[in-house]
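If you want the building blocks of each chain, they are given just below.
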Amino acid sequence: MDKKQTLGSISNKLTAIFTAPVVIFILWELLSRFKVISDIYFPAPVIILQRLIYLLFQEPKFLSDILFSLKRLTFGVIISVPCAIALGLSIGLDKRISRFLTPLISITYPIPKLSVLPLLMIILGIGDISKIAIIAIGIFYLVLLNVIHGIQGLPAVYFYIIKIYRIPFVKRIYSIILKGILPDILHGCKVGIGYGLVMVVASEFIAAKNGIGFFMWNAWDQFRIKDVYVGLAVFSLMGLAIFTLFDWLLSKL
């Protein structure tokens, strides 16, 4: 019975994820095939899929571009997430630090992150460092704000327990605070890494020699419309993988 329930749950989730995209793609395919929309600017999804498969198995450079984009995203995550969690804990647990840093966060968070990229390129150069930095900045704020929100939403009993039993600092953070805000951390990572993909493609549009953003920019420059859609499909699949992973992790809590 449990096995049937599990299979039914997986089936329902897959149906929920893929129903709308499948309907849209079928409609798009029909409109393109019957020339209701221009197949130059809106090539049929099947043609885009065929092009994606060809590039994956016949063009080593394309797979290399995917790996470069994933590498930049990974480094951005490794740099930003621990920093955001540490700073979020400091702000959430210490009123003095909160009073000092909250105005700074309020000032810097609304700044469009891409507007900082030219400055980063001047300071850090046009190589990978500036690209990873802008990706990390994009992820950092969303994780930070979710951590702070999580701490502010903790029940007061958590802090009473810490005070009454005089729980050591390390155990207090790990066993009570972090476990209490784990859903907020995961949600912050979900939206933050998703936004990090935006930073990946945008940073690779500028002074890049590889990456899917670079691939898409070259495709646009050479009017290879199908390849632009292929790039969009790759980023969409990356985003789907990220959201599915974190939704699964959240469901296990």
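A quick note: this is a predicted structure, and the numbers were derived from the prediction, not measured.

Engineer: Help me understand unusual backbone geometry in this model?
Structural biologist: When glycine is set aside, most residues are seen to have a negative phi, and most peptide bonds are trans. The phi angle at K35 is positive, at roughly 60°, despite the residue not being glycine. With respect to the helices and strands, the residue K35 is situated in the loop between helix 1 (2-33) and helix 2 (45-58). Judged by its relative accessible area of 55%, K35 falls in the exposed class. Despite not being glycine, A207 shows a phi value in the positive range, around 50°.

Engineer: Help me understand the nonpolar core, please; the structure alone is not making it clear to me.
Structural biologist: Generally speaking, nonpolar side chains in soluble globular proteins are found buried as a group. Core analysis: the biggest nonpolar cluster contains 54 residues, and F62, L73, V143, I177 and F235 have the highest contact counts within it. Those elements that provide at least two residues to this core are helix 2, helix 3 (60-93), helix 4 (95-108), helix 5 (117-124), helix 6 (128-152), helix 8 (169-204), helix 9 (212-221) and helix 10 (225-251). Broken down by element, the residue count for this core peaks at twelve residues, all from helix 8. If we ignore the near neighbours within four places in the chain, the residues touching F62 are L52, L55, L56, I212, F215, V230 and V234.

Engineer: Even after reading the chapter, I still don't get helix 4, so can you show me in this structure?
Structural biologist: Each turn of an α-helix holds 3.6 residues, which means side chains three or four residues apart point in the same direction. If you check helix 4, its first and last C-alpha atoms are 20 Å apart, about what 14 residues at 1.5 Å a residue would give, namely 20 Å. Remark: the principal bend of helix 4, roughly 35°, maps to L101, with a proline, P103, within the next four residues. Of the residues flanking the start of helix 4, the one acting as N-cap is D94, its side-chain oxygen 2.9 Å from the backbone nitrogen of R96.

Parameters at a glance
Residues numbered from 1 in each chain as written. Predicted model: local features only at pLDDT ≥ 70, side-chain atom pairs only at ≥ 80, totals over all residues. Heavy atoms only, no water. Helix = DSSP H or I, 4+ residues; strand = E, 2+ residues; numbered from the N terminus. Buried < 20%, exposed > 50% of the residue type's maximum accessible area, 1.4 Å probe, protein only. Core = buried A, V, L, I, M, F, W, Y, C linked by side-chain atoms within 4.5 Å. Contact = heavy atoms within 4.5 Å. Expected span 1.5 Å × (residues − 1). Bend = angle between axes of the 7 residues up to and from the residue. Polar contact = N/O pair within 3.5 Å; in protein donor to acceptor, adjacent residues only side chain to side chain.

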